[in-house]
Amino acid sequence: MIAGTAAAPVRIAGYASVFGKPDGAGDTVLPGAFRRSLRQRPPARVALLWQHDPARPLGRWTRLIETQHGLWAEGDLAPGVVAAFEAACLIRAGALSGLSIGFKARTARRPHRGSGRILQDIDLWEISLVTFPQVDEARVRLLTPPSNTPTPRTPNIGSREYL
């Protein structure tokens, strides 16, 4: 085992995408946009990355579902991966709480010239832990604490309610 890493997976969960809210690029995801992608690709085949870097996987997603609010994601940060342990510690400390999706738009429309897209069908490739999410409500929290750390406390990530 690598010194300073967790001995067991650390469980995380949160909304990776929120329906009906324009993101930082002006895009808005509609309910049902992930339906086809979730049928075609199991959660473990959607990469769990650090800051959208394909060279920095952190673990695997174990559950992805569309709720009325958005795309809910649950996953495990991999034991023995230094970056995963660091990410868990940052989440626990309240210094990291963002989630962001990497995707290709299958079906999208622009309601007005120069405006963001309305995303109707998304091919989901990855969900990353990020410092700055495109949608403020796309946030993650710990379900289990990293081991080798003091007694956990609930991270302060605002007043949002999580499932």
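On a predicted model such as this, the values are computed, not experimentally measured, just so you know.

### Points about the overall build of the protein chain
Okay, so step 1: Along the protein chain, the regular secondary structure elements total 2 helices and 8 strands.
Okay, so step 2: Across the protein chain, helices and strands are ordered from the amino to the carboxyl terminus as β-β-α-β-β-β-α-β-β-β.
Okay, so step 3: Classification of the 163 residues of the protein chain by burial places 45% in the buried group.
Okay, so step 4: For the protein chain, contacts bridging at least 24 residues in sequence account for 70% of all contacts bridging at least 6.
Okay, so step 5: Carbon and sulfur atoms make up 52% of the accessible area of the protein chain, which totals about 8300 Å².

### Considering the pattern of salt bridges
Okay, so step 1: Tallying each qualifying case throughout the model produces 10 salt bridges.
Okay, so step 2: A salt bridge links Glu74 to Arg11; the shortest N-O distance between them is 3.4 Å. Remark: Arg11 occurs in strand E1 (residues 10–18) and Glu74 occurs in strand E5 (residues 70–77); sequence separation between them is 63 residues.
Okay, so step 3: With relative accessibility at 13%, the residue Glu74 sits in the buried group.
Okay, so step 4: Asp27 serves as the salt-bridge partner of Arg117, at 2.7 Å between the closest nitrogen and oxygen.

### A few points about the confidence of the model for the protein chain
Okay, so step 1: With 84% of its residues at a pLDDT of at least 70, the protein chain reaches an overall mean of 87.
Okay, so step 2: Predicted confidence for residues 1–6 stays below pLDDT 50, and this span has 16 contacts to residues more than four positions away or in other chains.
Okay, so step 3: Counting interchain partners and residues more than four positions distant, the pLDDT-below-50 stretch residues 149–163 has 27 contacts.

### Considerations on helix H2 (residues 82–93)
Okay, so step 1: Along its 12 residues, H2 runs 17 Å from first to last C-alpha, staying within 8% of the 16 Å computed at 1.5 Å per residue.
Okay, so step 2: On its buried side, H2 packs onto E1, strand E3 (47–50), strand E4 (53–66), E5, strand E7 (118–130) and strand E8 (140–142).
Okay, so step 3: Looking at the residues trailing H2, positive phi occurs at Gly94, about 80°.

### Quick notes on the environment of Ala13
Okay, so step 1: Along the chain, Ala13 turns up in strand E1.
Okay, so step 2: Separated by 61 residues in sequence, Ala13 and Glu74 have C-alpha atoms that sit 4.2 Å apart.
Okay, so step 3: For Ala13, the residues in contact, after removing those within four places along its chain, are Trp72, Ala73, Glu74, Arg139, Val140, Arg141 and Leu143.

### Some words on the nonpolar core
Okay, so step 1: Judged by nonpolar contacts, the single largest core of 37 residues is most densely connected at Ile12, Leu58, Trp61, Leu77, Ile127 and Leu129.
Okay, so step 2: Of all the elements in the fold, those that place two or more residues in this core are E1, E3, E4, E5, H2, strand E6 (98–109), E7 and E8.
Okay, so step 3: When residues of this core are assigned to their parent elements, the largest contribution, 6 residues, is made by E1.
Okay, so step 4: Every residue in contact with Ile127, bar those within four places of it in the chain, is listed here: Ala16, Val46, Ala47, Leu48, Leu49, Trp61, Leu64, Leu71, Ala73, Leu99, Ser100 and Ile101.

### Considerations on the environment of Ala44
Okay, so step 1: Within the secondary structure, Ala44 is located in the loop between helix H1 (35–40) and E3.
Okay, so step 2: Taking relative accessible area as the criterion, Ala44 reaches 47% and is therefore assigned partly exposed.
Okay, so step 3: Along the primary structure Ala44 and Thr62 are separated by 18 residues, whereas in three dimensions their C-alpha atoms are 5.9 Å apart.

### Focus on the side chain of Ser100
Okay, so step 1: Within the secondary structure, Ser100 sits in strand E6.
Okay, so step 2: Within the structure, Ser100 has its side chain in polar contact with the side chain of His52 (distance 2.8 Å).
Okay, so step 3: Setting aside residues no more than four positions away along its own chain, Ser100 makes contact with Ala16, His52, Glu126, Ile127, Ser128 and Val130.

Criteria and cut-off values
Residues numbered from 1 in each chain as written. Predicted model: local features only at pLDDT ≥ 70, side-chain atom pairs only at ≥ 80, totals over all residues. Heavy atoms only, no water. Helix = DSSP H or I, 4+ residues; strand = E, 2+ residues; numbered from the N terminus. Buried < 20%, exposed > 50% of the residue type's maximum accessible area, 1.4 Å probe, protein only. Contact = heavy atoms within 4.5 Å. Areas by Shrake-Rupley, 256 points an atom, 1.4 Å probe, with all protein chains shown as cover. Salt bridge = Lys/Arg side-chain N within 4 Å of Asp/Glu carboxyl O. pLDDT = per-residue confidence, 0-100. Expected span 1.5 Å × (residues − 1). Core = buried A, V, L, I, M, F, W, Y, C linked by side-chain atoms within 4.5 Å. Polar contact = N/O pair within 3.5 Å; in protein donor to acceptor, adjacent residues only side chain to side chain.

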